[in-house]
Amino acid sequence: MISIQGYTSSDEEVTSETVGTSFSPPEPLSKDLIPFSLKKNLQVCATPTVLPPAVESDKIYIHPNTKELLYNPKYDELYAPVVGPLNPFKTQQEGFERNMLSGHIEPAHVSEFQFENQRRTFNSFGYALDPSVSTDEMGLMKVIGSTEEAKDSNMKTVFEKTHLRPLDKRKRKRNNNPDDVDGFLGPWGGFEDEQRVMRPTEEEQAELQELISKRHRRGKVQEEKLVEEKSVLHIKDAFDYQGRSFLHAPQDVGVNLKSDSPPDKCFLPKAHIHTWTGHTKGVSAIRWFPKTAHLFLSSSMDCKIKLWEVYNERRCVRTYYGHRQAVRDINFNNSGNQFLSAGYDRYIKLWDTESGKVVSRFTSRKVPYCVKFNPDYNKQHLFVAGTSDKKIICWDIRSGDIVQEYDRHLGAVNTITFVDENRRFVTTSDDKSLRVWEWNIPVDMKYIADPTMHSMPAVTPSPNGKWMACQSMDNKVVIFSALNRFKLNRKKTFTGHMVAGYACQLDFSPDMSYLVSGDADGKCFIWDWKTAKLFKKWKAHDNVCISCLWHPHEPSKLLTAGWDGLIKYWD
């Protein structure tokens, strides 16, 4: 029986016999926690009650409150094997099998180095150690793969030294002397046994040049030869009794076409009154004749440009042939006696409106997407064009030279709009940004871009010059201020139409009470400018309604053009 000794009263002498193997716990135990067998030999004293060490017992005593060991156990006790039943709720235990649907799994250990070594050896030499039988009784390795290769290389792995093969080590030509200008090789020297042809022969050079010329479409006879440029007059009375041409505005139509003031009040068009037919493919753009709007010009994907009458018999006056591919944009000068046309054949052509002759041609070898004359009367010899290579190029029609390039956009330039009394112009691009430029300064003075902005392929300035209406690719018309800060007007956003993917041209009514636009379904939409509410929509064309123009002198006349090749007049 173990008894507690070594704790005596303070009056007795402490001898070597009374001192036992005793210890003091972190806090005194209550008598209820001491086993009954030990209570007999307890002596009442002032010292704290302690628990005897479990020296002879296999059970490890742990304090129930603090969950701490109350003595220092031996190594054998700490690292004794775990005994007792397995935990039935544990799905996977290391060292034991685990049942699966397809069998059972046993944990195994594979050295990562040995596995990678054998894998690389098999890829390089075609043999590897058999994982099931590594050695036999003779101590020879059993290999998987080609036994002949294994014998040739004495079964070396990739991490062991093997004999060099003929092409493993090739000597390079070296000449690192910088004084030898012609023969200096540096790190570019070839191998000594390598036959390298530095320059092609004359025959190979001729073949290369021919291949390059085909790729760039140069050197071909038919490419250099321009398409036949001509025009056809469709009316007999090109001149009136006073010798005035069809460019002269008629005075017997009941409207003052030379007036500078817009109509007092505009009204919504209600009826379809005329259709102009003649284009065999979709119409890409329509433009009023400057000031009077008694004629209008249309360009089409059938490579033709046509001039039409608005009043009287509403005939096709003249057709202009001169582009090899579809015509993208057209623009009159201030007087209307000349106009520019930009086509997908990469040419911009200046036409004489009355005679139908091509005055000059301009090209930058890139597709021009938009073209505009400078509206200033003293700068009518200059025009700008936005191209597919992200540039805005300014040409002088007198010399035919490029006089300025504005190269800051990150995508193809879609529109050019002059603002602020023509001192500045605004461009939009496929890079989803809007840039403002001072005339003749090739650095943008303002850059407007926002993560929520979309590409704006059509922009129209308001008649009073204060606003710009931009057709956004997220099926909205957004309004920017055209003065000072070019700020987005968030209160005016026009929605309801579907224009994603199409450059549908918009327009204002002359009194700025309405905004009109086409959409991808061929419909025409009219919104109230002040409230941004949709007033009217109707089916105008069988295909995309690409352009809408409000007549500048008529209160309710509207012109629409579509990809069905038709141009319609509404009142």
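Quick look at the structure, then.

On to the overall build of the chain. A count of helical and extended segments in the chain gives six helices and 33 strands. In the chain, the proportion of contacts linking residues at least 24 apart, taken out of those at least 6 apart, comes to 44%. Counting only carbon and sulfur atoms, one obtains 50% of the accessible surface of the chain, whose full area is about 35400 Å².

Our focus in this paragraph is unusual backbone geometry. A positive phi is found at Arg346, a non-glycine position, where the angle reads about 75 degrees. For Arg346, a relative accessible area of 33% puts it in the partly exposed group. Even without being a glycine, Asp420 presents a positive backbone phi close to 55 degrees. The exposure class assigned to Asp420 is buried, which follows from its relative accessible area of 18%.

Strand order in the open sheet formed by four strands is β11-β12-β13-β14, and the pairing between neighbours is antiparallel. Both edges of this open sheet fall to β11 (327-332) and β14 (358-362), since each of them pairs with a single strand only. The sheet shows a mean angle of 20 degrees between the axes of neighbouring strands, direction not considered. Direction of pairing for strand β12 (residues 338-343) relative to strand β13 (residues 348-352): antiparallel, over a ladder of five bridges. Bridge assignment links Leu340 to a residue of β13, and that residue is Leu350.

For the structure shown, the criterion picks out 20 salt bridges. With a closest N to O distance of 3.2 Å, Glu421 and Arg423 form a salt bridge. Where Glu438 meets Arg424, a salt bridge forms, and the shortest distance between an N and an O atom there is 3.3 Å. Separated by 14 residues along the polypeptide, Glu438 in strand β21 (residues 434-438) and Arg424 in strand β20 (residues 424-429) bring together distant segments of the chain. Taking relative accessible area as the criterion, Glu438 reaches 26% and is therefore assigned partly exposed.

Parameters at a glance
Residues numbered from 1 in each chain as written. Predicted model: local features only at pLDDT ≥ 70, side-chain atom pairs only at ≥ 80, totals over all residues. Heavy atoms only, no water. Helix = DSSP H or I, 4+ residues; strand = E, 2+ residues; numbered from the N terminus. Contact = heavy atoms within 4.5 Å. Areas by Shrake-Rupley, 256 points an atom, 1.4 Å probe, with all protein chains shown as cover. Buried < 20%, exposed > 50% of the residue type's maximum accessible area, 1.4 Å probe, protein only. Pairing = 2+ DSSP bridges. Axes fitted to C-alpha atoms, helices over the stretch in contact; angles between N-to-C directions. Salt bridge = Lys/Arg side-chain N within 4 Å of Asp/Glu carboxyl O.

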